[in-house]
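Spelled out from the first residue to the last, the chains are:
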Amino acid sequence: MRVAEFEVPGANPESSATMAVFSGHMGTVEDNVRRWFGQFTQSNGRSHEEVGRRWQVQSEAGLSATLVDVSGTYLAGMGSTESLEGYRMLGAIVDIGSGRFQYLKLTGPADTVARWAEHFEGAIASSRPG
C-alpha cells in the first residue's frame, strides 16, 4: 500500500511533516475522504466537514484529483493511540486511469503543512499519467 514516505522539514526538527504516497485500491474516493476527515477531531465540537475543505482539480495532463484539507487534533491510527494537537493534513486522490488511483497525504504540524501547501497543490496540478 505505502509506496513511499518522506520527511518534510519544518522550521525546526521537531516540526517536520510526513509526505506519504500510497497506491492500489483502497475503497472509493468517498471512503477515503471520510476516513481522512475522521482522523481529526475538533476541540470546539465542530464537525470535520465544517472545518475541512474538499475540492476537485484537473492536472495539466488531464488527470482528475480530489483534494482535502483538514486540521485539528490528529488521531494517528493504525494501532497508535496518540493524539496530536494543532495538526493539518493535505490529501489528494489522483485518478490515474484504468480504475487506478494514487493517494498522497501531507500530515504534520499545521504551520509546517501551510509552509508546503502551495508545493503540494503544484505537484498535483502537474501530475502526469505514468
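You'll find the structure just up there.
Residues numbered from 1 in each chain as written. Predicted model: local features only at pLDDT ≥ 70, side-chain atom pairs only at ≥ 80, totals over all residues. Heavy atoms only, no water.

S.K.: I tried to follow helix α1 (residues 29-38) on my own but got confused; where do I start?
M.R.: Given 3.6 residues per helical turn, the α-helix brings residues three or four places apart onto the same face. Where α1 is concerned, the buried positions are Asn32, Val33, Trp36 and Phe37. Angular distribution of buried residues about the axis of α1 spans 130 degrees; they occupy a single face of the element. (Buried < 20%, exposed > 50% of the residue type's maximum accessible area, 1.4 Å probe, protein only. Helix = DSSP H or I, 4+ residues; strand = E, 2+ residues; numbered from the N terminus. Arc of directions from axis to C-beta.)

S.K.: Before we go on, may I ask you to explain the nonpolar core in this structure?
M.R.: The nonpolar side chains of a soluble globular protein tend to be buried with one another. Leu67, Ala92, Val94, Leu104, Leu106, Phe120 and Ile124 are the most contacted members of the largest nonpolar core, which has 18 residues in total. Looking at this core, the elements that each hand over two or more residues are β2 (17-23), β5 (64-77), β6 (80-97), β7 (100-109) and α3 (110-125). If sequence neighbours within four positions are ignored, leucine 106 has contacts with Val8, Ala17, Thr18, Met19, Arg88, Met89, Leu90, Val113, Trp116 and Phe120. Core analysis: the second largest hydrophobic core is formed by 16 residues, Phe40, Val68, Leu84 and Tyr103 among them. (Core = buried A, V, L, I, M, F, W, Y, C linked by side-chain atoms within 4.5 Å. Contact = heavy atoms within 4.5 Å.)

S.K.: Help me understand unusual backbone geometry in this model?
M.R.: Excluding glycine, residues mostly have negative phi values, and the peptide bonds linking residues are mostly trans. In this structure, serine 98 is a non-glycine residue whose phi angle is positive, near 55 degrees. Within the element layout of this structure, serine 98 appears in the loop between β6 and β7. Residue classification places serine 98 among the exposed residues on the basis of a relative accessible area of 75%.

S.K.: Is there a simple way to think about the environment of phenylalanine 6 in this case?
M.R.: Take phenylalanine 6: it is sitting in strand β1 (residues 2-8). Once the C-alpha coordinates of phenylalanine 6 and alanine 17 are considered, the two residues, eleven residues apart in sequence, prove to be 8.4 Å apart. When neighbours within four sequence positions are excluded, phenylalanine 6 is seen to be in contact with Ala17, Thr18, Met19 and Val21.

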